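Here is what each chain is made of, one letter per residue.
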Amino acid sequence: LGRIDDSRDAMSKAISTHSLESPRNAVMARALYYAFYNQDYEKASKEFERMVKLSPLDESAINNLAVSYFYLLDFARAKELSLRDLELYARKTLGRQNSAFYSLYAGDLEEADALAEEVVMEDKAYDNSFIIRGLVSAQKGDYLDAKNGFKLGMGISEQSDSVMLQGMADLSIALNEFS
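The model shown is predicted, which means the values in this text are computed figures rather than measured ones.

A.B. asks: It is not clear to me how the side chain of Glu 47 should be interpreted in this structure. Could you clarify?
C.D. replies: Position of Glu 47 relative to the elements: it lies in helix 3 (residues 41-54). A polar side-chain atom of Glu 47 sits 3.3 Å from a polar atom in the side chain of Arg 30. Residues contacting Glu 47, with those up to four places away along its chain left out, are Val 27, Arg 30, Ala 31 and Tyr 34.

Right under this line is the structure:
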């Protein structure tokens with residue numbers, strides 16, 4: 001907390017140490033450094049791409065490459081990779097929720113809604129899936145369904161209640177309910 005420079009220095013030392021270990025560890029260390037310490041997602045994506053080539057089934061590399069693409073606003077590639085990750089590791093609820101987000105941003109509303117619905121049915125604690133479903137309904141012009149979706153997401157946590165209420169307020173404005 002508040003010691004980002006110390007953290008960067010430690011990570012730089014770790015990167016140089018990893019060069020003596022497996023190529024996978026060296027590439028992963030560089031990729032994580034670029035992604036999470038420098039927020040240089042262009043360089044991070046190149047390293048994660050190398051990582052996926054080295055280890056095509058590496059769940060961490062695939063997931064982090066999808067995240068990097070997302071931050072580069074390449075939503076179609078983020079979606080594609082996250083769906084590949086789901087094919088390999090279908091049990092991941094968080095992975096399905098991430099795929100739903102990437103699908104939403106990539107404009108694939110049907111895929112986003114289907115994945116978010118799976119997540120909601122499996123574990124209602126993944127409150128972002130209610131948000132995704134509400135956004136999909138709103139994008140389709142079904143504001144009443146969107147509001148109902150946000151209402152269903154209430155009561156999970158104070159933070160999610162705040163987001164759900166904001167979504168309902170935005171929809172009320174769009175529906176001109178305050179005039």
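Picking up after the structure, the text goes on.
A.B. asks: Help me understand empty space enclosed by the protein, please; the structure alone is not making it clear to me.
C.D. replies: Here the idea is plain: a probe the size of a water molecule rolls over the atoms and shows the empty space left. For the structure on display, the rule yields one cavity of 30 Å³ or more. The computed volume of the largest cavity comes to approximately 40 Å³. Looking at the largest cavity, the residues that line it are Asn 63, Ser 82, Asp 85, Leu 86, Lys 92, Gly 95, Asn 98, Ser 99 and Tyr 102. Contributing elements (two or more residues each) for the lining of the largest cavity: helix 5 (75-88) and helix 6 (93-105). In terms of residue count, the dominant contributor to the lining of the largest cavity is helix 6 (four residues). Of the residues contributing to the lining of the largest cavity, the split by class is two nonpolar, five polar and two charged.

A.B. asks: What is the right way to read the pattern of salt bridges from this model?
C.D. replies: When the charged atoms of two side chains with opposite charge come close together, those side chains can pair. By the definition in use, this model includes 14 salt bridges. Here Arg 50 ties to Glu 47 by a salt bridge, and the two come within 3.2 Å at their closest N and O atoms. Here Glu 47 and Arg 50 lie together in helix 3, a separation of three residues that amounts to about one turn. Given a relative accessible area of 42%, Arg 50 falls into the partly exposed group. Here Glu 47 falls in the buried class, since its relative accessible area comes to 11%. Linking Arg 77 and Glu 49 is a salt bridge whose minimum nitrogen-to-oxygen distance equals 3.1 Å.

What counts and how
- Residues numbered from 1 in each chain as written.
- Predicted model: local features only at pLDDT ≥ 70, side-chain atom pairs only at ≥ 80, totals over all residues.
- Heavy atoms only, no water.
- Helix = DSSP H or I, 4+ residues; strand = E, 2+ residues; numbered from the N terminus.
- Polar contact = N/O pair within 3.5 Å; in protein donor to acceptor, adjacent residues only side chain to side chain.
- Contact = heavy atoms within 4.5 Å.
- 1 Å grid on protein atoms, 1.4 Å probe; cavity = no way out; pocket = protein on both sides within 12 Å on 5 of 7 lines; lining within 4 Å.
- Points joined across faces, edges and corners; volume = space filled by probe spheres on them.
- Nonpolar A, V, L, I, M, F, W, Y, C, P; charged D, E, K, R; others polar.
- Salt bridge = Lys/Arg side-chain N within 4 Å of Asp/Glu carboxyl O.
- Buried < 20%, exposed > 50% of the residue type's maximum accessible area, 1.4 Å probe, protein only.

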